[in-house]
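# An overview of the molecular structure
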Amino acid sequence: MTHINHAVSKALVQHAGKNSLIVLEDLEGVRSATEKVRKKDRWYSVSWAFHQLRQMVEYKAKLNLSTVVTVDPAYTSQTCPKCGHTEKANRNKQKHVFQCRTCGYTSNDDRIGAMNLHRKGIEYLCAGKLHQHDWCGAGSCQPALM
Ligand SMILES: [Zn+2]
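Because the structure is a prediction, the values reported are computed rather than measured.

What counts as what
- Residues numbered from 1 in each chain as written.
- Predicted model: local features only at pLDDT ≥ 70, side-chain atom pairs only at ≥ 80, totals over all residues.
- Heavy atoms only, no water.
- 1 Å grid on protein atoms, 1.4 Å probe; cavity = no way out; pocket = protein on both sides within 12 Å on 5 of 7 lines; lining within 4 Å.
- Points joined across faces, edges and corners; volume = space filled by probe spheres on them.
- Helix = DSSP H or I, 4+ residues; strand = E, 2+ residues; numbered from the N terminus.
- Nonpolar A, V, L, I, M, F, W, Y, C, P; charged D, E, K, R; others polar.
- Domains from an automatic or database assignment.
- Salt bridge = Lys/Arg side-chain N within 4 Å of Asp/Glu carboxyl O.
- Buried < 20%, exposed > 50% of the residue type's maximum accessible area, 1.4 Å probe, protein only.
- Donors = N, O, S within 2.8 Å, 3.2 Å for Na, K, Ca; no water.
- Tetrahedral: all angles 85-135°; square planar, octahedral: opposite > 155°, others 65-115°.
- Expected span 1.5 Å × (residues − 1).
- Polar contact = N/O pair within 3.5 Å; in protein donor to acceptor, adjacent residues only side chain to side chain.
- Contact = heavy atoms within 4.5 Å.
- Pairing = 2+ DSSP bridges.
- Axes fitted to C-alpha atoms, helices over the stretch in contact; angles between N-to-C directions.

### Thoughts on the layout of surface pockets
Approximately 280 Å³ is the volume attributed to the second largest pocket. Lining the second largest pocket are 14 residues, with A16, L21, I22, V23 and H118 positioned closest to its centre. Taken together, the elements giving at least two residues each to the lining of the second largest pocket come down to α1 (2-16), β1 (21-25) and α4 (109-127). By residue number, the principal contributor to the lining of the second largest pocket is α4, which donates five residues. Of the residues in the lining of the second largest pocket, the class split is 10 nonpolar, four polar and no charged. Taken domain by domain, the makeup of the lining of the second largest pocket includes at least three residues from each of domain 1 (1-72) and domain 2 (74-146).

This is the structure:
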């Protein structure tokens, strides 16, 4: 796991490039993540693995002049990135499909999670000193959906 975390964190920081904001879901102590892996000691290993990955990403990002933020993972895979509608039924976990019950927007559920993390990163930039309008596109910040 340590080897995998080294490889993943290196690839992530390199892919992001210098002066990037890297947004991670905070998976330490997340109940839904722990419930999946309650058998034997896997709860411990998942939590520990994420903690290690986060530390590696933060360390390598700092060397690469980038910043890491962690965000609350709640609803990131249930929220429609187009209209903001949030409902558990938007996501079919077994089929890995997201389909918004309100606007019909459909995509892979992990892609939806990534789109929502991207938006949370932009909100972070818009709320703080790091704000630059080229991050949010239209010249003004979009209001938060959640
Ligand atoms: Zn929608």
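### Considerations on the pattern of salt bridges
Counted under the stated rule, the structure contains four salt bridges. In this structure, R91 and D109 form a salt bridge, with 2.9 Å as the shortest nitrogen-oxygen distance. In this pair, R91 is assigned in strand β3 (residues 91-92) and D109 in helix α4, connecting sequence segments 18 residues apart. The buried category is assigned to D109, whose relative accessible area is 0%. Each of D26, R54 and E58 takes part in salt bridges that share partners, so that together they form one network.

### Some thoughts on the coordination of the zinc ion
The protein atoms that coordinate the zinc ion are C80 (SG), C83 (SG), C100 (SG) and C103 (SG), at distances of 2.3 Å. Viewed at the metal, the four donor atoms of the zinc ion are separated by angles of 104 to 118 degrees, and the geometry they form is tetrahedral. All donors of the zinc ion come from a single chain, and their spacing in sequence reads C-x2-C-x16-C-x2-C. Highlighted residues: C83 in the loop between β2 (67-71) and β3 and C100 in the loop between β4 (97-99) and β5 (106-108), separated in sequence by 17 residues. Owing to a relative accessible area of 35%, C83 belongs among the partly exposed residues under this scheme.

### Some thoughts on α4
The end-to-end C-alpha distance of α4, which contains 19 residues, comes to 27 Å, matching closely the 27 Å that a straight helix rising 1.5 Å per residue would cover. Listed as buried for α4 are D109, I112, G113, N116, L117, R119, K120, G121, I122, L125 and C126. Its side-chain oxygen placed 2.8 Å from the backbone nitrogen of D110, N108 serves as the N-cap of α4.

### Regarding the side chain of S9
Within the secondary structure, S9 sits in helix α1. A polar atom in the side chain of S9 sits 2.8 Å from the backbone oxygen of N5. Residues contacting S9, with those up to four places away along its chain left out, are L53, M56, V57 and K60.

### Details of unusual backbone geometry
The phi angle of most residues is negative, glycine excepted, and most peptide bonds adopt the trans form. If you check the backbone angles, N19 has positive phi at about 55 degrees while not being a glycine. Tracing the backbone through its elements, the reader meets N19 in the loop between α1 and β1. The backbone of L65 shows a phi angle near 60 degrees, a positive value even though the residue is not glycine. Mapped onto the fold, L65 is located in the loop between α3 (42-63) and β2. Using a relative accessible area of 52% as the deciding quantity, one classes L65 as exposed.

### As for the sheet that holds β5
The strand order β3-β4-β5 describes an open sheet built from three strands, whose pairing is antiparallel. One side of each edge strand has no neighbouring strand; the edge strands of this open sheet are β3 and β5. Where β4 and β5 come together, three bridges link them in antiparallel fashion. The residue bridging Q99 from the neighbouring strand is T106, located in β5. Sheet strands in contact with α4 are β3, β4 and β5, and its direction is about 95 degrees off that of β5.

Shape descriptors only; they carry no functional weight alone.
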